[in-house]
Amino acid sequence: TLPDNGPMVDLLKQLGLLNARGNEFFYNCVVFPICDEDGNVVSFYGRSVEGKQHLYPSGVHKGVFNSRVIRTTKRLFLTEGIIDCLSLYQLGIREAVSLYGTNGLTSELITLFQKNRISEIYLCLDNDEAGKEAREKIADKFTDLGIKSYRVTLPEGIKDVNDYLLSGRTKGDIEGLIAQAEVIECKQKALSSGALSSEALSSGNSEPFKIIRDDTQIIFESSNRSYRIRGLSAARLDQLKVNIKISVNGSYHLDTFDLYNAKSRQGFISQARKV
């Protein structure tokens, strides 16, 4: 029995294991530690054995469950919660991490994905409307980061990955679902090919632009003008130093500047108008 106060009680309150009154926050729960990328325990998740409640300490969500696996792979499987993540692990899919619910894509998760250059994420969210809507929104964000998203569709009548495991499915079954997973085509992805209207580019040019993209540059091209952009990197969104060449009827202007810098942007616009 702990005393009513003292350093140990204060520490347990700080960790979120005791509430403000000194009572056990995760009473009657199965509790899972959540670590940061260095393996330090920074938070906890509790699943009630009675009401099936999901409990986290108050405040900002910290840590990533199974975060160390992010260092060892370029492909990840993302679930809504820790129980589903563990269910994938039990099925033999070890490259699994979890969100904090449908709205729980934290900045810490995004930072780790970028830092470790994750290129593919399979979204294994719940088989309900909330899960389906969240899947599209999350995939939309990953598109901005240069990450390809896949839709893993659970069978009809199966609520989530844990339900899938409890129904008696095996590693072979989940691998079959993964093999059938479809790429989620987001609105932004339409920019990687085909034509784009002049209204979308605000160019004032009535002719649609053709977009050409490779690993080093993006080119917006029409019959009389083109914009070539080099230097953009989804892995380094903290800086946007780019090289832009605008060509119009044989004349051109070439400049290198920081898109985050308003003065630099205005300088480029002023020079580009003279082309």
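Residues numbered from 1 in each chain as written. Predicted model: local features only at pLDDT ≥ 70, side-chain atom pairs only at ≥ 80, totals over all residues. Heavy atoms only, no water.

Glancing now at unusual backbone geometry. Of all residues except glycine, most have a negative phi; of all peptide bonds, most are trans. Even without a glycine there, the phi angle at Asn-28 is positive, about 65°. Residue position: Asn-28 is located in the loop between helix H1 (7-15) and strand E1 (29-35). With a phi angle near 65°, Asn-66 is a residue other than glycine that sits in the positive phi range. Among the secondary structure elements, Asn-66 is positioned in the loop between strand E3 (54-55) and strand E4 (75-79). (Helix = DSSP H or I, 4+ residues; strand = E, 2+ residues; numbered from the N terminus.)

Attention now moves to the sheet that holds E1. Strand order in the open sheet formed by three strands is E1-E2-E3, with antiparallel pairing between adjacent strands. Every interior strand has two partners, whereas the edge strands, E1 and E3, have only one. Alignment of strand E2 (residues 41-48) against E3, held across two bridges, turns out to be antiparallel. Note that in E3 the partner of Gly-46 across the bridge is Leu-55. Those strands touched by helix H2 (residues 82-90) are E1 and E2, and its axis lies near 80° from that of E1. (Pairing = 2+ DSSP bridges. Contact = heavy atoms within 4.5 Å. Axes fitted to C-alpha atoms, helices over the stretch in contact; angles between N-to-C directions.)

When pLDDT is averaged along the protein chain, the result is 84, and 88% of the positions lie at 70 or above. Counted against residues more than four places away or in other chains, residues 188-204, with its pLDDT under 50, gives 28 contacts. (pLDDT = per-residue confidence, 0-100.)

Relative to strand E7 (residues 148-151), strand E6 (residues 120-124) is paired through four bridges, and the arrangement is parallel. In the strand pairing of E7, Glu-120 is matched with Lys-148. In this fold, the crossover linking E6 to E7 by way of helix H4 (residues 129-144) has right-handed handedness. Two strands pair when backbone bridges link them, and E7 and strand E8 (residues 182-183) are joined in this way by two bridges, in the antiparallel orientation. Along E8, the bridge assignment pairs Tyr-150 with Val-183. (Right-handed = clockwise from strand over helix to strand, strands pointing away.)

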